[in-house]
Amino acid sequence: MEARPYLQVTLLLNIQRRKGDSTAAPDVVRRFADRFWKSDWPGASRPRVYYDPRSLELDGPTGVLHAKAVVTTMSRS
């Protein structure tokens, strides 16, 4: 992304709460994001990130996002 700043990248991530975790959803997202950007993402440029908020509902479904593809678009404007 640093070499081609015109790339528009969006990651589709599955953020889940641990079993029995009743932490507020924004705090679960923050905890995930802090770890992800520090430990998992290699570059200084960050893509947009999408997650399905239903996965963080206390009584919601689990595994609501199981993507097998990455789609990128290019814009030179």
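As a reminder, the structure under discussion sits directly above these lines.
Residues numbered from 1 in each chain as written. Predicted model: local features only at pLDDT ≥ 70, side-chain atom pairs only at ≥ 80, totals over all residues. Heavy atoms only, no water.

## A few points about helix 1 (residues 25-40)
Turning to step 1, where the next piece is worked out: Over its 16 residues, helix 1 runs 21 Å from end to end, which matches the ideal 22 Å to within 8%, given 1.5 Å per residue.
Turning to step 2, where the next piece is worked out: Buried residues in helix 1 make contact with strand 1 (7-13) and strand 2 (48-51). (Helix = DSSP H or I, 4+ residues; strand = E, 2+ residues; numbered from the N terminus. Expected span 1.5 Å × (residues − 1). Contact = heavy atoms within 4.5 Å.)

## Regarding the packing of aromatic side chains
Turning to step 1, where the next piece is worked out: Going through the model one piece at a time under the given rule, you end up with four aromatic pairs.
Turning to step 2, where the next piece is worked out: When the ring of Trp-37 is compared with that of Trp-41, the centres are 6.0 Å apart and the planes differ by 85 degrees; the resulting orientation is edge-to-face.
Turning to step 3, where the next piece is worked out: Three or more aromatic residues joined by ring pairs make a cluster, and in this case those are Phe-32, Phe-36, Trp-37 and Trp-41. (Phe/Tyr/Trp six-rings, centres within 6.5 Å; stacked < 30°, edge-to-face > 60°.)

## Looking at the environment of Ser-22
Turning to step 1, where the next piece is worked out: Within the secondary structure, Ser-22 sits in the loop between strand 1 and helix 1.
Turning to step 2, where the next piece is worked out: Judged by relative accessible area, Ser-22 falls into the exposed class, the value being 58%.
Turning to step 3, where the next piece is worked out: Considering only alpha carbons, one finds Ser-22 and Glu-57, 35 residues apart in sequence, at a separation of 9.4 Å.
Turning to step 4, where the next piece is worked out: When near neighbours in sequence (up to four residues on either side) are disregarded, Ser-22 contacts Arg-17 and Leu-58. (Buried < 20%, exposed > 50% of the residue type's maximum accessible area, 1.4 Å probe, protein only.)

These values are about where atoms sit, not about what they do.
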